[in-house]
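Read off the chains here:
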Amino acid sequence: KINSSFKKPTRKDLKTILLQTKVLEGQSVNITDKKEMYEFEADKLVYNPDNDIIASAGSAEDVLNRAPMVTVDQDGVVQLRGNGNVNILVDGRKNRTDLANISGSQIEKVEVITSASAKYDPEGMAGIINIVLKKGTNDGFNGNIQIKGQHNEYHSIDEMNGLSFYGNYKKNKLNLFSSFGLNNRFKNRDGYRNTTVEYSDDELFENILDEDKVFYTYLDDTERKTINFRVGFDYYLLDNITITNEVKYSVPEKLSITNQQYTEPIIYEEESKEQKSDNNYDFSYLFAFDREFKDPDQSLDFSVNINTDVDEETKDLLVDNQVVNSSEFNEDYLGVKIDLSYKQPIGEKLKFEIGYQGQLQDNPNTLIFDANVIDESLDDSITNESNLKRDIHAFFFEFENDFNDKFSIKPSFRLESVNRNVTFNSNFNDDTDYENSVLDNLIRDSKNQSYNLDDYEFYPFLNFTYNITKNENIQFGFGKRVNRPSGWNTRPFPNNIYNEDFVFVGNPNLKPEYSTQYDINYSRPIPMGFASLNLFYHEISNKHEWYDDDSYPSGDILTFKNVENAWSKGFSIFTMIMGQTIGGGYTLTDQSDSDNPDDYELNEQSERLNMYGRIKFPEKYIKFFDFEFGFYWMKMILPSGDLFGNKGTIWGDLGISKKFMNKKLTVSLAVDNIFDGGGFSMKRTKPIDYIPDLDGDGYEDFNYAREYSDVNNIRNGRTFKVTLKYQIGKKTDDKKGGYRGDDSGGGMMDMGY
C-alpha cells in the first residue's frame, strides 16, 4: 500500500558555482620510527649499530664487538659465544676483506645466526655472522662522511687516522650507491716468550740431567694503510625485477718491524722486517638478479660473485742493520661463487625453498728464500710452490610449516660434492746437507706431493619454534656443520724462516672438521627489558687443534692436527634492561684421540668463561651528551696451566658523543682499552715424547722430558679516538632502503619495556 501523502523532492537548477583555491599553511610533521639496537627474529638476532656511539664511529671490528654473543680481539679475531670458528658474511657472501677496512658508518645491521638452516654454507662451527651494508633506495641523495683520528703512547693522529664516505642516490628506476675509505692504523705488541725443556731419568723430575732454554723479548710495530672503493647500482627493470651490479676494489699496504732480544741460550739481538709490495690488491664483482612476486613469500634470486686478489710480501732478517737472510711470499686467489634459489608458498601455512650454490677456488702461492739460510756455502734460492684448488657444488631444500600461531617447524637438508687438491713442489736439494735446519724435515717430508680429497657430504637441519606467548618463545635447532681446511692452514711450508726457534707450518693432510650441533634457546621479556638463554651440545669429529710439535730435532714447530673426537657443551646468557646489556657464558670441551692416547695435547679438557656488558645513557637522560661504557672478560682453564692468567683478562672502552647542526653532525670521543690490558698470557707445562740422541749412539739419552712455557704479550695500549660524522640527506623509510624503521609486522619481538 502506497502512502498518498508522500511528495516528490523539489529540484532546482543553481547554475554554475565557481570555487576558488586557497592554501592553508600548517605546521610540518616529521614521522620517524627509531630502530631498536637489538631486534629478535624467528631464526636470528639483529644488531643495529646506527645509534651506537663507539661502533658507528669505528670499523666493522668495533661494530661486531657490540653485537650480542660476538667478540673481537685486538688482532681482529672474531669469536661467537667464545668460538673463533665463525663464518663471516658481508651482504650474505663470504667475506674476504679485512674487517678493520670496513667503516662502521657503512653498516646497516649485523645478523647473528647460531642455528642456521640448509640455505647457508655450513662452514663455521660457531655459527654465522652476516654484515649487511647500507644501500638505501630513497629518492634523492643521502649518505654520510666521517673523519677519525687516534692517539696512544706509540703513535698519534698524524699516523692513525681515517676518512670514509658513503652515498646513495635514487631516481626513478635507478639506484646508485658507493663508498670510499682511507684507513691508516698501527698495531703494537710487546712481550716475551720463555721456553724451558727439562730432561730427567725420573718421572717426577727430581733429578734434572739437562735442559734447553730459549728466552727472548720482542716488540712489534705494524703499520697498515688501506684504500677501498665500492660502487654499484640497482636497476628496477620492472616493479618486481631488480638487477644489481657492484664492484669493490681495495689496495692494502703493510709494514711490520719486529725486534727480538734473546737472553738464552746466548745474548743477541735481531730484527725482522715484513712489507707488502705495491702490486697488492683485492677485487670483487657481483651480479645479482632478484624477481619478486605478489606473495612476499615467493621469490627467485640469482647471483654470481667473482673475487680475486694478489698478496706479495718480502720478509727480511737483519742483524746490525744488515740483511742476513730474506724471503719472498706471493699468493694469488681466484674465487667464483654462484647462488640460485627459488622460494614458493603452498597455501597459507606451508612454504619451501630450493637452491644451488657453487664455490670454485684456485689459490696458488710461492715462498722463495735464500739457500744460505740453510747452508752458508750456497748462493741459490730455494723455491717452494703450493696450490690449493677446491670445487664445491651444493643443492639445498627447505620446508617450513606454520601449524598455528604457537608452533612452526623448518626441516632442511643440503647435499655437497667436494673436490680438493693440494700440491707442493720444491727445488730443495736432497744432496745438500741441511741437517742443522728445521726446514730440512718440514720441506723434505712434504715436497713433490699431492694431497687429494673427493667426497660427497650430507648436512641435515631441523629448526622449530614454540611461541609460549606473543613475546615469549622456545627455539630448537639441530644441524651439521663443517670447518674446511684451506689457505694458510694447509700450506706445507712456513710463512717465514727468520726465526727457526718458533715456526708455523700448515698441514696439507688436515681433514675437514665436522660438528653435529644441538641448540635450545629460550627468549622472553623481563621487567623493562629482555632476556635470552641458550643451551648447546656439540659432537665433533676430526677437530682441528693447534699443535706444538716437539718431534723435530731443532726448532719449535706450531701446526694443526686432527683430533678424532671432541664434545663441547655449555650455555650463554644475554639480557637487556632499560637499554643496558650484560651477557656471558660457559663452555666445557673434552677431546680424545684413540690413535694417540698418550699425546697430551690431543687428549685434554678445557673450560672457557666469558662475560660482557654495555651501559648506555642517551643525551636526553644526562642532558649534555650520549655516554657509553663496555667491557669484556674471559678466562680459560686447562689442566696443563693458565691461559690469560689465573684471574682471566679484561678490557673495556668508553665513549661520549654530541650532536650539532640540527643533529646532522656527530662528534664522538672514545677511549679504547681503558684498563691498558687485554693481552695474552700462558703458563703451561706439558710432557714431551721426543727425546734427543745427543751423543749419536742410537739411543735416547734421557727417560723423560717436559716443556715449560711462559708467554706474555700486550697488544696496543690505551687508545684515544675522536670522530666527526656528518649526515647528508635524510633518513626516510622505503621498501628496500638501508634506513628502514622497525616493522612490527616483520617478525620482530616486542622488547617488553
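Trainee: Just give me the short version of the overall build of the protein chain, but keep the residues and values in it.
Mentor: Along the protein chain, the regular secondary structure elements total 4 helices and 35 strands. Only carbon and sulfur atoms are counted for the fraction: they give 53% of the accessible area of the protein chain, which is about 37,300 Å².

Trainee: Go over the nonpolar core, please, and point to the residues and values.
Mentor: By size, the foremost hydrophobic cluster in this structure holds 35 residues, and its most contacted members are Leu64, Val70, Val78, Leu99, Ile107, Val110 and Ile131. Examining the composition of this core, we find that 4 residues originate from one element, strand S29 (residues 626-638), more than from any other. In this structure, Leu367, Phe369, Phe424 and Phe428 belong to the second largest nonpolar core, which totals 8 residues.

Trainee: Run through the side chain of Gln344, naming residues and quoting values.
Mentor: With respect to the helices and strands, the residue Gln344 is situated in strand S17 (residues 322-346). Separated by 3.0 Å, the side chains of Gln344 and Gln298 make a polar contact. A distance of 2.4 Å separates polar atoms of two side chains, one belonging to Gln344 and the other to Tyr342. Not counting the four nearest positions on each side in its chain, Gln344 is found in contact with Asp297, Gln298, Lys351 and Phe352.

Trainee: Please provide a residue-by-residue account of the pattern of salt bridges, values included.
Mentor: Scanning all chains against the criterion turns up 21 salt bridges. For the salt bridge of Arg484 with Asp121, the shortest nitrogen-to-oxygen distance reads 3.2 Å. Of this pair, Arg484 sits in the loop between strand S22 (472-483) and strand S23 (503-504) while Asp121 sits in the loop between strand S7 (107-113) and strand S8 (127-133); the two residues are 363 residues apart in sequence, bridging distant segments of the chain. For the pair Arg484 and Asp121, a shared accessibility class is recorded, and that class is buried.

Trainee: Break down a nonpolar patch on the surface for me, with residues and values.
Mentor: A cluster of nonpolar side chains, Ile145, Ile147, Leu163, Phe180, Leu182, Ile227, Phe229, Val231, Tyr249 and Leu724, forms an exposed patch at the surface whose accessible area comes to about 780 Å². Looking at the nonpolar patch, the elements that each hand over two or more residues are strand S9 (140-151), strand S11 (174-200) and strand S12 (208-238). A total of 3 residues in the nonpolar patch trace back to one element, the largest contributor, which is S12. Within the secondary structure layout, Ile145 lies in strand S9. Note on Ile145: relative accessible area 33%, which makes it partly exposed.

Trainee: Go over the environment of Asn65 with me, naming the residues and quoting the values.
Mentor: Here Asn65 lies in the loop between helix H2 (60-64) and strand S3 (70-72). Overall, Asn65 belongs to the partly exposed group, its relative accessible area being 24%. The sequence separation of Asn65 and Tyr612 amounts to 547 residues, and the corresponding C-alpha distance is 9.9 Å.

Trainee: Just give me the short version of the packing of aromatic side chains, but keep the residues and values in it.
Mentor: As enumerated under the stated definition, the model contains 20 aromatic pairs in all. Judged by centre distance (6.0 Å) and plane angle (20°), the rings of Tyr249 and Tyr281 are stacked. Of this pair, Tyr249 sits in strand S13 (residues 241-264) while Tyr281 sits in strand S15 (residues 281-292), and the two are 32 residues apart along the sequence. In this structure an aromatic cluster arises from ring pairing among Phe352, Phe397, Phe413 and Phe458. One cation-aromatic arrangement involves Lys480 over Tyr459; the distance from NZ or CZ to the ring centre is 5.4 Å.

Trainee: Go over unusual backbone geometry with me, naming the residues and quoting the values.
Mentor: Each neighbour pair has its own omega, and for Glu264 with Pro265 the value is 0°, a cis peptide bond. Within the element layout of this structure, Pro265 appears in the loop between S13 and strand S14 (268-276). Phi angles above zero are rare outside glycine, and Phe205 is one such case at about 60°. Counting through the fold element by element, Phe205 comes out in the loop between S11 and S12. According to the relative accessible area criterion, Phe205 is buried, its value standing at 11%. In this model, Asn542 sits at a positive phi of 55°, which is unusual for a non-glycine residue. Residue placement: Asn542 occurs in strand S25 (residues 529-549). Relative accessible area serves as the criterion here: at 21%, Asn542 is assigned to the partly exposed category.

Cut-offs used in this document
- Residues numbered from 1 in each chain as written.
- Predicted model: local features only at pLDDT ≥ 70, side-chain atom pairs only at ≥ 80, totals over all residues.
- Heavy atoms only, no water.
- Helix = DSSP H or I, 4+ residues; strand = E, 2+ residues; numbered from the N terminus.
- Areas by Shrake-Rupley, 256 points an atom, 1.4 Å probe, with all protein chains shown as cover.
- Core = buried A, V, L, I, M, F, W, Y, C linked by side-chain atoms within 4.5 Å.
- Buried < 20%, exposed > 50% of the residue type's maximum accessible area, 1.4 Å probe, protein only.
- Polar contact = N/O pair within 3.5 Å; in protein donor to acceptor, adjacent residues only side chain to side chain.
- Contact = heavy atoms within 4.5 Å.
- Salt bridge = Lys/Arg side-chain N within 4 Å of Asp/Glu carboxyl O.
- Patch = residues over 30% accessible without salt bridge, like charges linked within 9 Å, V, L, I, M, F, W, Y side chains within 5 Å.
- Phe/Tyr/Trp six-rings, centres within 6.5 Å; stacked < 30°, edge-to-face > 60°.
- Lys NZ or Arg CZ within 6 Å of the ring centre and 35° of its normal.

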